[in-house]
Amino acid sequence: MKFHRLPLSAAAILTATALSLTPAAAAPNSGSSAVQHAVTSAAKDAYSALPREIKDNPVVKDHAKNLGLVDKPAPRTAPRRARDCGNCVALTFDDGPAAPTNRLLGILKDKKATASFFVTAPNARKMPKTLQRMTGHGHTVGNHGATHSEMTALSAERVRGEIRETNDAVESATGTRPHWMRPPYGAMNDTVTGVARDEGMAIAFWQVDTLDWQHRDPQRTCRVAVDQAAAGHIILMHDIHSTTVDAAECIVDGLRAKGLEPVSLDHMIPAATPGRVYSHR
Ligand code: NI
């Protein structure tokens, strides 16, 4: 948060308000509650009319809070979170859940970071508790197909089957149906994106490919993820490899050292459009 110096006029309004609300300033025994109510309401109006950067100044905010001028904040909504997400990046992990996934979830929890997991139907059915842990920790669970087939080689009907089977498996584990998918190998054509759109699925491609599955070198995975990431990017990894999980702490720390914050896809892109392909925000 930026700290702004408080302009004199705003300070004057708040000081005047403070004085008008102190018990000494209220007329004794003279229907003061109606007066007080009117003053409070005027002061509330004055406070709410202040420019946002003054209202958000911690000194002003504190003062206004003590005076009862701040209404309960509205619940945090997805669009507001998105506005606060200028430095976000999305770590994504495909092909699991598998044995190393639970260790990864522990590391992300310790680091208070969130990510996204593109799971296959059989693995989702094998590890429902791991999927529940993902949603419980604020991660996004996405769809990586049922049979890890190249969807460009399949009919529309079979693509639909791949998507629905995996959505069913995730929903029966977590109670929530995915709305993000990543076709295996990133293989897409108009049939795949069309079926995805019809099934309400946004498509997550990637901006940074760590090639973690190929080299299996934690230091290299970390270096590529951190060096190539910029705000809004989607980063591709695979949680079926323990060497990738070995890189997780280094990646989160490295991204934060660059001023980036790893978050889930639902956090970074809260209102994703079905059928649209995202490689970054
Ligand atoms: Ni895959």
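Small disclaimer: the values here were computed from a predicted structure and weren't measured.

Novice: Could you clarify how one ought to interpret helix H8 (residues 128–136) in this entry?
Specialist: Note: α-helices contain 3.6 residues per turn, so residues at a spacing of three or four share the same orientation. Within the sequence span of H8, burial applies to Thr130, Leu131 and Met134. Along the axis of H8, the buried residues cluster in a sector spanning 100 degrees; they form a single face. Among the exposed residues of H8, those pointing more than 90 degrees away from its buried face are Lys129 and Gly136. Against the buried residues of H8 lie helix H6 (101–111), strand S2 (116–119), helix H7 (121–126), strand S3 (140–143) and helix H9 (156–174). Positive phi shows up at Gly138, right after H8, with a value of about 85 degrees.

Novice: I tried to follow the packing of H6 against H8 on my own but got confused; where do I start?
Specialist: For any two helices packed against each other, one specifies the crossing angle of their axes together with the interaxial distance. Where H6 meets H8, the closest approach of the two axes is 11 Å, and the angle between their N-to-C directions is 20 degrees. Judged by the inter-axis angle, H6 sits roughly parallel to H8. As H6 runs across H8, the sense of the crossing is left-handed. Here Thr101, Asn102, Leu105 and Gly106 of H6 lie close against H8, whose contacting residues are Thr130, Arg133 and Met134.

Novice: Help me out: how do you make sense of the coordination of the nickel ion in this one?
Specialist: Note on metal geometry: ideal angles are 109.5 degrees for four donors arranged tetrahedrally and 90 or 180 degrees for six donors arranged octahedrally. For the nickel ion, the full set of protein donor atoms is Asp95 (OD), His144 (NE2) and His148 (NE2), and the range of their distances to it is 2.0 to 2.1 Å. Overall, His144 belongs to the buried group, its relative accessible area being 2%. Look at His148 and you get partly exposed, because its relative accessible area is 24%.

Novice: What exactly am I supposed to notice about the nonpolar core here?
Specialist: One broad rule of soluble globular proteins: the nonpolar side chains tend to lie buried together. Judged by nonpolar contacts, the single largest core of 35 residues is most densely connected at Leu91, Phe117, Leu131, Ile235, Ile251 and Leu255. Ignoring sequence-local partners within four residues, the contact set of Leu255 consists of Val89, Leu91, Ala225, Val226, Ala229, Leu260 and Pro262. Phe118, Ile234, Leu236 and Tyr278 belong to the second largest nonpolar core, which has 16 residues in total.

Novice: What is the right way to read the pattern of salt bridges from this model?
Specialist: Proximity of charged atoms lets side chains of opposite charge pair with each other. For the structure on display, the rule yields 12 salt bridges. Arg177 is the partner of Asp168 in a salt bridge, and the nearest nitrogen-oxygen pair spans 2.8 Å. The class of Asp168 is partly exposed, set by a relative accessible area of 42%.

Novice: Is there a simple way to think about the state of the cysteines in this case?
Specialist: The final tally for this structure, using the stated rule, is two disulfides. Cys222 shares a disulfide with Cys250; S-S distance 2.0 Å. Measuring the twist about the S-S bond at about -80 degrees, one finds the Cys222-Cys250 disulfide to be left-handed. With Cys222 in helix H12 (residues 218–228) and Cys250 in helix H14 (residues 248–257), this pair connects stretches of sequence that are 28 residues apart. Residue classification places Cys222 among the buried residues on the basis of a relative accessible area of 6%. Taking the relative accessible area as the measure of exposure, Cys250 reaches 39% and is therefore partly exposed. Each bonded cysteine of the chain is numbered by sequence order, and under that numbering the disulfide pairs are 1-2, 3-4.

Novice: Can you help me understand the packing of H9 against helix H10 (residues 190–198) in this one?
Specialist: One way to put it is that H9 packs onto H10 with a least axis distance of 9 Å and a crossing angle of 50 degrees. With respect to H10, the element H9 is oriented oblique. As H9 packs across H10, the resulting crossing turns out to be right-handed. Contacts between H9 and H10 pair Ala156, Val159, Arg160 and Ile163 from the former with Thr191, Val192, Val195, Ala196 and Asp198 from the latter. Among the residues making up the contact of H9 with H10, the classes are represented as six nonpolar, one polar and two charged.

Criteria and thresholds
Residues numbered from 1 in each chain as written. Predicted model: local features only at pLDDT ≥ 70, side-chain atom pairs only at ≥ 80, totals over all residues. Heavy atoms only, no water. Buried < 20%, exposed > 50% of the residue type's maximum accessible area, 1.4 Å probe, protein only. Helix = DSSP H or I, 4+ residues; strand = E, 2+ residues; numbered from the N terminus. Arc of directions from axis to C-beta. Contact = heavy atoms within 4.5 Å. Axes fitted to C-alpha atoms, helices over the stretch in contact; angles between N-to-C directions. Parallel < 35°, antiparallel > 145°, perpendicular 65-115°, else oblique. Left-handed = near helix turned anticlockwise from the far one by under 90°. Donors = N, O, S within 2.8 Å, 3.2 Å for Na, K, Ca; no water. Core = buried A, V, L, I, M, F, W, Y, C linked by side-chain atoms within 4.5 Å. Salt bridge = Lys/Arg side-chain N within 4 Å of Asp/Glu carboxyl O. Disulfide = S-S within 2.5 Å. Nonpolar A, V, L, I, M, F, W, Y, C, P; charged D, E, K, R; others polar.

Keep in mind that these numbers describe shape and distance, not what the molecule does.
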